[in-house]
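Observations on chain architecture
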Amino acid sequence: MASYEEVMKLALERGFYFPSCEIYSDAPAGFWEYGPSGVSIKNKFIELWRRELVRFDNMLEIDGCQIMSKSVFVASGHISNFTDPIVRCTKCNSTFRADRFISEKTGENIPERMSDDEVNAVIQKHNLRCPNCKGEFGGVTRFNMMFRVGIGPAAEEAYLRPETCQTIFVDFARVFKTMRGKLPLGLAQVGKSFRNEIAPRQSLLRLREFYQAEIEVFCNPNRLNDVPKFDKVKDSILRLYDGSSTIQVTADEALRKELVPNKLVAYYLALLGRFYSKTGIDMTRSRFRKLSDDEKAFYSTVAYDFEVETSIGWLELVACNYRSDYDLKGHSSTSKQNLEVVDPSDQTKVLPHVFELSMGVDRSIYTILEHCYMEDDKHDDRIVLRLKPYLAPVLVGILPLMTKDGLDEKARKIHSDLKLDFDTFYDESGSIGRRYRRLEEVGAPFAVTVDKTTMEDDTVTVRDRDSMQQQRIKSSELHQFLQNALISSRQT
Ligand SMILES: [Zn+2]
């Protein structure tokens, strides 16, 4: 199993991601950029999400603005509730996130809903002091994690969205009407969100600017078990964790044993599991963790975190929240607009409830890299990123064995014939072994080598990344070969 440090080293050396503004000393923490390999895997991950969730479930996708008006966040509760408790040293002014600081120092868990007075009492009880200067802490205060921006010369108050879902709630009524929606209806959006984290850390795992892929399923609260499409996923496996043990059941069993509250929730959890099983993540190291009351976000009534085990512990990749009518009610009363819709299935007017699948894209990509990282001790400890072909930044490398006798020209010709339809990489520098290694480290499933035989019979060797087996095929059949490989890998 790969460590965080190994993945990090590979990410930096092979162009997956790196710190933002890194040539400047005032580069703020918590901002990372995707390099060429990273962009490619991110885009392909999002395409897979579109394929397996958005298209599979006939959802609709929107693309909204990142800056939104203050009213949106008054209605959503973020202005008053989206805060972290902080403590400041009275002597040196160092600031810490109170709940994390306390649990790191004492092991005591500070639930999200604990009041500031209660947190103060815990600090007193353990006599906690500033770790930098031993100074005393002032009382707990609240820090709002939204980035405030000023619009125009008058600097009108607005905010960078802290989650992509608010656009979906604000736009819901219009989209439902113009697209002639039917409940339940999934509205999806992928894009950037911004949170002014007090202590960003671990590269892609806690960012201040990050990608979310969110799905809000609008549903009629009276028809949560009227979900015929559930039959399509009823045999899918769910791994449910209740805080002490994980059990593996089919979606159907989970429903019958009342481990999930209704068919709608069971259906979408199954769909999400089905999606992740296609990313290359080891699903035996995943679970849906049911959150207890004091762990849930302020708007949530039933919540599961989809978590995956990594070298640095269990990571939450997706928050699955049953948000009831919290959001539409809030936006409806703040905007004074009626956001009810007519459910065409029974012609009743209803303010829909919402079940959300809020996915962290960056964390998912980190997890995929870690789970696909393999050190092959049978073959010189080569590092192989065993990415699914449809997620690999490079599908095929094109390598002339030598740069003479026309081999390089032939290889360049093959490269230009393939590059518009596939992610290809032409490489003529260094020994063939070194070139294979570089391709394996970015997860390229295939390497095509042009050698002397190519010049005689127009065949090339195609080398498989994982088995290292080679086969000879006609260069004119490469296009079809790659096409087939992509499609068949998606079906397994
Ligand atoms: Zn101090």
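Below, the structure is looked at part by part. Residue indices follow the written sequence of each chain, beginning from 1 at its first position. This being a predicted model, a pLDDT of at least 70 is required before a residue's local features are given, and a value of 80 or more before pairs of side-chain atoms are given or counted; all residues contribute to the totals for chains, interfaces and linings.

Structural notes on helix α12 (residues 407-418)
The line we're drawing: Note on conventions: DSSP H or I runs of at least 4 residues are helices, E runs of at least 2 residues are strands, and numbering of each starts at the N terminus. Multiplying 1.5 Å by the helix residue count minus one yields the expected span of that helix. Any residue surrounded by 20 or more other C-beta atoms within 10 Å of its C-beta is treated as buried, while 12 or fewer makes it exposed and the intermediate range makes it partly exposed; C-beta atoms here are placed from the backbone. What the arc describes is the spread of directions from the helix axis to the C-beta atoms. Distance between backbone-placed C-beta atoms decides contact: two residues are in contact if it is within 7 Å.
With 12 residues, α12 extends 17 Å from end C-alpha to end C-alpha; this agrees with the ideal 16 Å at 1.5 Å per step. Every buried residue belonging to α12 is among Leu407, Ala411, Ile414, His415 and Leu418, and all of these are buried. Down the axis of α12, the sector holding all buried residues measures 100°, keeping them to one side. In α12, the exposed residues that point more than 90 degrees away from the buried face are Glu409 and Ser416. Here the buried face of α12 lies against β22 (396-400), β23 (424-426), β24 (446-450) and α15 (478-491).

Quick notes on the pairing of strand β26 (residues 470-474)
Rule in force here: Two strands qualify as a pair provided DSSP detects at least 2 bridges between them.
Of all five residues making up β26, only zero are buried, and the element is barely covered by its neighbours. Bridge count between strand β25 (residues 459-464) and β26: five bridges; the pairing is antiparallel. From the neighbouring strand, Arg463 faces β26, where its bridge partner is Gln470. Hairpin connection of β25 to β26: five residues between the antiparallel strands, including Met468 at a positive phi of 65°.

Observations concerning unusual backbone geometry
Of the consecutive residues Leu183 and Pro184, the connecting peptide bond is found in the cis state with omega at -5°. Located in the positive-phi region is Asp405, a residue other than glycine, with phi close to 55°. Structurally, Asp405 can be placed in the loop between β22 and α12.

Structural notes on the sheet that holds strand β9 (residues 156-160)
The test is simple: Between the N-to-C directions of two axes lies an angle of 0 to 180 degrees, each axis being a line fitted to C-alpha atoms and, for a helix, fitted only over the stretch in contact.
The strand order across the open sheet built from three strands is β4-β9-β8, with neighbouring strands paired in antiparallel fashion. Across the chains shown, the open sheet's two edge strands, defined by having one partner strand only, are β4 (67-69) and β8 (148-151). Going from strand to strand, the sheet's axes swing by 45° on average, the running direction of each strand aside. The pairing of β8 with β9 spans four bridges and is classified as antiparallel. Bridging across to β9, Val149 finds its partner in Ala158.

Section: the nonpolar core
We count it as follows: In this description, a nonpolar core means buried residues of the types Ala, Val, Leu, Ile, Met, Phe, Trp, Tyr and Cys, linked to one another by C-beta atoms lying within 7 Å. Residue ranges assigned to the domains are those given by an automatic or database domain assignment.
With 114 residues, the main nonpolar core has Tyr268, Leu269, Leu369, Val396, Ala444 and Val448 as its most contacted residues. It is helix α9 (residues 263-276) that contributes the most residues to this core, 11 residues altogether. Taken domain by domain, the makeup of this core includes at least three residues from each of domain 1 (4-70 + 148-371) and domain 3 (385-491). The residues contacting Val448, other than those within four sequence positions of it, are Val396, Gly397, Ile398, Leu399, Ile414, Val460, Val462 and Leu478. Val87, Ile102, Ile123 and Phe137 belong to the second-largest nonpolar core, a separate cluster that totals nine residues.

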